[in-house]
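Here's the letter readout for the chains.
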Amino acid sequence: EDQVTQSPEALRLQEGESSSLNCSYTVSGLRGLFWYRQDPGKGPEFLFTLYSAGEEKEKERLKATLTKKESFLHITAPKPEDSATYLCAVWGRDDKIIFGKGTRLHILP
Amino acid sequence: DGGITQSPKYLFRKEGQNVTLSCEQNLNHDAMYWYRQDPGQGLRLIYYSQIVNDFQKGDIAEGYSVSREKKESFPLTVTSAQKNPTAFYLCASSIGLGTGELFFGEGSRLTVL
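Okay, so let's go over this structure. These numbers come from a predicted model, not from an experiment.

The rules behind these values
- Residues numbered from 1 in each chain as written.
- Chains lettered and ligands numbered in written order.
- Predicted model: local features only at pLDDT ≥ 70, side-chain atom pairs only at ≥ 80, totals over all residues.
- Heavy atoms only, no water.
- Pairing = 2+ DSSP bridges.
- Helix = DSSP H or I, 4+ residues; strand = E, 2+ residues; numbered from the N terminus.
- 1 Å grid on protein atoms, 1.4 Å probe; cavity = no way out; pocket = protein on both sides within 12 Å on 5 of 7 lines; lining within 4 Å.
- Points joined across faces, edges and corners; volume = space filled by probe spheres on them.
- Nonpolar A, V, L, I, M, F, W, Y, C, P; charged D, E, K, R; others polar.
- Core = buried A, V, L, I, M, F, W, Y, C linked by side-chain atoms within 4.5 Å.
- Buried < 20%, exposed > 50% of the residue type's maximum accessible area, 1.4 Å probe, protein only.
- Contact = heavy atoms within 4.5 Å.
- Salt bridge = Lys/Arg side-chain N within 4 Å of Asp/Glu carboxyl O.
- Polar contact = N/O pair within 3.5 Å; in protein donor to acceptor, adjacent residues only side chain to side chain.

**Digging into the pairing of strand E6 (residues 54–57) of chain B**
As paired strands, strand E5 (residues 44–51) of chain B and E6 of chain B are joined by three bridges and run antiparallel to one another. The residue of E6 of chain B that forms the bridge with tyrosine 47 of chain B is lysine 57 of chain B.

Below is the structure:
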(Lines give C-alpha, C1' and ligand atoms only; values in the text may rest on other atoms or scores of the structure.)
Protein backbone atom coordinates (compact mmCIF):
# COMPACT_ATOMS: atom_id res chain seq x y z
CA GLU A 1 0.00 0.00 0.00
CA ASP A 2 1.26 3.45 -0.91
CA GLN A 3 2.24 5.44 2.15
CA VAL A 4 3.77 8.77 3.09
CA THR A 5 5.26 9.49 6.53
CA GLN A 6 6.51 12.91 7.54
CA SER A 7 8.77 13.63 10.48
CA PRO A 8 8.96 15.28 12.85
CA GLU A 9 5.30 16.10 13.49
CA ALA A 10 6.31 19.47 14.88
CA LEU A 11 9.55 21.44 14.98
CA ARG A 12 10.48 24.61 16.82
CA LEU A 13 13.59 26.48 15.71
CA GLN A 14 15.23 29.74 16.59
CA GLU A 15 15.44 32.28 13.80
CA GLY A 16 18.54 31.47 11.77
CA GLU A 17 18.76 27.86 12.97
CA SER A 18 18.85 25.62 9.88
CA SER A 19 17.22 22.20 9.85
CA SER A 20 15.55 19.57 7.65
CA LEU A 21 12.10 18.03 7.38
CA ASN A 22 11.76 14.42 6.28
CA CYS A 23 9.25 12.71 4.02
CA SER A 24 9.56 8.92 3.73
CA TYR A 25 7.47 7.14 1.16
CA THR A 26 6.54 3.79 -0.32
CA VAL A 27 4.78 3.98 -3.65
CA SER A 28 4.42 1.86 -6.75
CA GLY A 29 6.12 3.64 -9.58
CA LEU A 30 6.86 7.12 -8.29
CA ARG A 31 5.97 9.70 -10.91
CA GLY A 32 6.63 12.71 -8.72
CA LEU A 33 6.88 14.04 -5.18
CA PHE A 34 5.36 17.37 -4.18
CA TRP A 35 6.03 19.78 -1.34
CA TYR A 36 3.41 22.28 -0.20
CA ARG A 37 3.30 24.99 2.43
CA GLN A 38 0.07 25.52 4.35
CA ASP A 39 -0.68 28.48 6.60
CA PRO A 40 -3.39 28.14 9.30
CA GLY A 41 -6.88 28.29 7.84
CA LYS A 42 -5.59 28.47 4.26
CA GLY A 43 -5.22 26.08 1.35
CA PRO A 44 -1.84 24.47 0.60
CA GLU A 45 0.51 26.50 -1.57
CA PHE A 46 2.58 24.56 -4.10
CA LEU A 47 6.35 24.73 -3.58
CA PHE A 48 8.18 22.02 -5.56
CA THR A 49 7.86 18.93 -7.71
CA LEU A 50 10.69 16.39 -7.74
CA TYR A 51 10.63 13.66 -10.36
CA SER A 52 13.67 11.45 -9.89
CA ALA A 53 16.24 10.45 -7.29
CA GLY A 54 19.09 12.93 -7.09
CA GLU A 55 17.00 15.88 -8.15
CA GLU A 56 17.15 19.09 -6.13
CA LYS A 57 15.12 22.29 -6.28
CA GLU A 58 15.52 25.57 -4.44
CA LYS A 59 13.34 28.53 -3.60
CA GLU A 60 14.61 31.27 -1.33
CA ARG A 61 15.57 29.57 1.96
CA LEU A 62 14.10 26.20 0.98
CA LYS A 63 15.78 23.33 -0.82
CA ALA A 64 14.08 20.04 -1.59
CA THR A 65 15.97 16.83 -2.36
CA LEU A 66 14.85 13.35 -3.37
CA THR A 67 16.21 9.82 -2.94
CA LYS A 68 14.56 6.52 -3.82
CA LYS A 69 12.94 6.27 -0.39
CA GLU A 70 12.65 9.78 1.01
CA SER A 71 12.70 13.48 0.42
CA PHE A 72 14.11 16.25 2.56
CA LEU A 73 13.07 19.85 2.78
CA HIS A 74 16.07 21.81 4.01
CA ILE A 75 15.45 25.21 5.56
CA THR A 76 18.46 27.47 5.73
CA ALA A 77 18.57 30.39 8.19
CA PRO A 78 14.78 30.42 8.62
CA LYS A 79 12.78 33.51 9.48
CA PRO A 80 9.54 33.73 11.50
CA GLU A 81 7.56 34.08 8.27
CA ASP A 82 8.65 30.55 7.34
CA SER A 83 6.43 29.24 10.13
CA ALA A 84 3.77 26.99 8.58
CA THR A 85 2.81 23.37 8.07
CA TYR A 86 4.77 21.70 5.29
CA LEU A 87 3.03 18.90 3.42
CA CYS A 88 4.61 16.19 1.31
CA ALA A 89 2.65 14.23 -1.30
CA VAL A 90 3.58 11.40 -3.65
CA TRP A 91 2.18 10.78 -7.11
CA GLY A 92 2.15 7.13 -8.08
CA ARG A 93 1.68 5.02 -11.15
CA ASP A 94 -2.09 4.77 -10.62
CA ASP A 95 -2.35 8.59 -10.76
CA LYS A 96 -3.29 8.76 -7.08
CA ILE A 97 -1.74 11.54 -5.02
CA ILE A 98 -1.21 10.59 -1.38
CA PHE A 99 -0.49 13.22 1.26
CA GLY A 100 1.47 12.94 4.47
CA LYS A 101 0.17 14.44 7.71
CA GLY A 102 2.59 17.33 7.56
CA THR A 103 5.24 18.91 9.76
CA ARG A 104 4.28 21.98 11.76
CA LEU A 105 7.24 24.34 11.74
CA HIS A 106 7.51 27.23 14.18
CA ILE A 107 10.35 29.73 13.91
CA LEU A 108 10.96 31.78 17.04
CA PRO A 109 12.23 35.35 16.61
CA ASP B 1 -5.37 36.49 -11.83
CA GLY B 2 -6.08 32.82 -12.33
CA GLY B 3 -7.00 30.73 -9.36
CA ILE B 4 -9.50 28.65 -7.46
CA THR B 5 -12.29 30.25 -5.47
CA GLN B 6 -14.09 28.42 -2.71
CA SER B 7 -17.16 29.70 -0.92
CA PRO B 8 -18.27 30.13 1.71
CA LYS B 9 -15.13 30.29 3.84
CA TYR B 10 -17.07 29.42 6.99
CA LEU B 11 -20.36 27.55 7.19
CA PHE B 12 -22.47 26.37 10.09
CA ARG B 13 -25.10 23.71 9.69
CA LYS B 14 -27.57 21.94 11.89
CA GLU B 15 -27.60 18.17 12.02
CA GLY B 16 -29.79 16.67 9.33
CA GLN B 17 -29.26 19.47 6.82
CA ASN B 18 -27.53 19.19 3.48
CA VAL B 19 -25.04 21.89 2.57
CA THR B 20 -23.29 22.71 -0.71
CA LEU B 21 -19.75 24.08 -0.98
CA SER B 22 -18.84 25.99 -4.10
CA CYS B 23 -15.61 25.65 -6.06
CA GLU B 24 -14.84 27.68 -9.19
CA GLN B 25 -11.58 27.79 -11.17
CA ASN B 26 -10.42 29.98 -14.04
CA LEU B 27 -7.18 28.12 -14.72
CA ASN B 28 -8.69 26.18 -17.64
CA HIS B 29 -7.82 22.95 -15.82
CA ASP B 30 -9.60 19.77 -16.79
CA ALA B 31 -9.28 17.92 -13.48
CA MET B 32 -10.82 18.99 -10.19
CA TYR B 33 -10.77 17.44 -6.75
CA TRP B 34 -12.31 17.68 -3.30
CA TYR B 35 -10.28 16.86 -0.20
CA ARG B 36 -11.14 16.77 3.46
CA GLN B 37 -8.60 17.82 6.10
CA ASP B 38 -8.94 16.95 9.79
CA PRO B 39 -6.50 17.90 12.57
CA GLY B 40 -3.55 15.52 12.69
CA GLN B 41 -4.51 13.75 9.48
CA GLY B 42 -3.37 14.04 5.92
CA LEU B 43 -5.63 15.27 3.15
CA ARG B 44 -8.16 12.63 2.18
CA LEU B 45 -9.72 12.48 -1.29
CA ILE B 46 -13.51 12.68 -1.43
CA TYR B 47 -14.28 12.95 -5.17
CA TYR B 48 -12.46 13.89 -8.33
CA SER B 49 -13.45 14.76 -11.87
CA GLN B 50 -11.38 14.38 -14.99
CA ILE B 51 -13.77 16.05 -17.43
CA VAL B 52 -17.18 17.66 -17.57
CA ASN B 53 -20.09 15.34 -16.69
CA ASP B 54 -17.76 12.72 -15.27
CA PHE B 55 -16.57 12.18 -11.69
CA GLN B 56 -15.20 9.37 -9.57
CA LYS B 57 -15.34 8.46 -5.89
CA GLY B 58 -12.23 8.94 -3.83
CA ASP B 59 -11.32 7.23 -0.59
CA ILE B 60 -14.07 8.74 1.60
CA ALA B 61 -17.03 9.48 -0.71
CA GLU B 62 -19.79 8.18 1.56
CA GLY B 63 -22.17 10.97 2.58
CA TYR B 64 -20.98 13.33 -0.14
CA SER B 65 -22.12 14.11 -3.69
CA VAL B 66 -20.72 16.23 -6.52
CA SER B 67 -21.59 17.45 -9.98
CA ARG B 68 -19.50 18.71 -12.90
CA GLU B 69 -21.81 20.47 -15.33
CA LYS B 70 -19.23 23.08 -16.33
CA LYS B 71 -15.46 22.85 -16.67
CA GLU B 72 -15.01 25.72 -14.23
CA SER B 73 -17.26 24.46 -11.45
CA PHE B 74 -17.20 21.45 -9.13
CA PRO B 75 -19.61 21.88 -6.19
CA LEU B 76 -19.61 19.48 -3.25
CA THR B 77 -22.75 18.62 -1.30
CA VAL B 78 -22.32 17.35 2.23
CA THR B 79 -25.45 15.34 2.92
CA SER B 80 -27.10 14.43 6.19
CA ALA B 81 -25.76 10.92 5.65
CA GLN B 82 -22.22 12.09 6.39
CA LYS B 83 -21.74 11.06 10.00
CA ASN B 84 -18.91 13.40 10.92
CA PRO B 85 -19.07 16.39 8.57
CA THR B 86 -17.26 18.99 10.68
CA ALA B 87 -13.97 19.53 8.83
CA PHE B 88 -11.92 21.77 6.57
CA TYR B 89 -12.76 21.15 2.91
CA LEU B 90 -10.30 21.88 0.14
CA CYS B 91 -10.96 22.07 -3.58
CA ALA B 92 -8.08 21.62 -6.01
CA SER B 93 -7.44 21.44 -9.72
CA SER B 94 -4.75 20.22 -12.08
CA ILE B 95 -4.15 20.53 -15.81
CA GLY B 96 -5.39 17.01 -16.24
CA LEU B 97 -5.70 13.80 -14.26
CA GLY B 98 -2.27 12.43 -13.65
CA THR B 99 -0.45 15.48 -14.93
CA GLY B 100 1.19 16.50 -11.69
CA GLU B 101 0.83 19.15 -9.09
CA LEU B 102 -2.48 20.24 -7.64
CA PHE B 103 -3.44 23.85 -7.06
CA PHE B 104 -5.70 24.51 -4.09
CA GLY B 105 -8.36 26.98 -3.11
CA GLU B 106 -8.45 28.70 0.27
CA GLY B 107 -10.74 26.12 1.83
CA SER B 108 -14.17 26.04 3.47
CA ARG B 109 -14.61 25.26 7.13
CA LEU B 110 -17.86 23.47 7.90
CA THR B 111 -19.10 23.18 11.46
CA VAL B 112 -22.12 21.09 12.37
CA LEU B 113 -23.93 22.36 15.44
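**Some remarks on the layout of surface pockets**
Considered as a void within the structure, the largest pocket measures approximately 1,100 Å³ in volume. Lining the largest pocket are 39 residues, with Gly100 and Lys101 of chain A together with Gln41, Gly42 and Leu43 of chain B positioned closest to its centre. Elements with a contribution of two residues or more to the lining of the largest pocket: strand E1 (3–7), strand E9 (84–91) and strand E10 (97–99) of chain A together with strand E4 (31–37), E5, strand E9 (87–94) and strand E11 (108–112) of chain B. Among the elements that line the lining of the largest pocket, the one with the most residues is E1 of chain A, at four residues. In the lining of the largest pocket, the residues fall into 14 nonpolar, 14 polar and eleven charged. Estimates place the volume of the second largest pocket at around 150 Å³. As for the second largest pocket, its lining consists of Arg37, Glu45, Leu47, Lys59, Glu60, Arg61, Leu62, Glu81, Asp82 and Tyr86 of chain A.

**Some points on the nonpolar core**
Residue and element names in this part refer to chain A. Ranked by internal contacts, the top residues of the largest apolar core, which has 23 residues, are Leu33, Trp35, Leu73 and Tyr86. At the level of elements, strand E2 (10–14), strand E3 (19–26), strand E4 (32–38), strand E5 (45–50), strand E7 (62–66), strand E8 (70–75), E9 and strand E11 (103–108) are the ones that each hand at least two residues to this core. A per-element tally of this core places E9 first, with four residues.

**A look at the interface of chain A and chain B**
Across the contact, 19 residues belong to chain A and 20 residues belong to chain B. For the pair chain A and chain B, the interface holds one salt bridge. The residue lysine 96 of chain A makes a salt bridge to aspartate 59 of chain B at a minimum N-O spacing of 3.5 Å. Remark: the boundary between chain A and chain B carries six residue pairs in polar contact (both at pLDDT 80 or more). Contributing elements (two or more residues each) for the side of chain A that touches chain B: E4, E5, E9 and E10 of chain A. By residue number, the principal contributor to the side of chain A that touches chain B is E4 of chain A, which donates three residues. Class assignment of the residues belonging to the side of chain A that touches chain B gives a composition of nine nonpolar, five polar and five charged.

**Quick look at the environment of leucine 110 of chain B**
All names here are of chain B. Position of leucine 110 relative to the elements: it lies in strand E11. The exposure class assigned to leucine 110 is buried, which follows from its relative accessible area of 1%. Residues leucine 110 and proline 8, 102 residues apart in the sequence, show an inter-C-alpha distance of 9.1 Å. Ignoring anything within four residues of it in the chain, the contact list for leucine 110 reads Leu11, Arg13, Val19, Val78, Pro85, Thr86, Ala87 and Tyr89.

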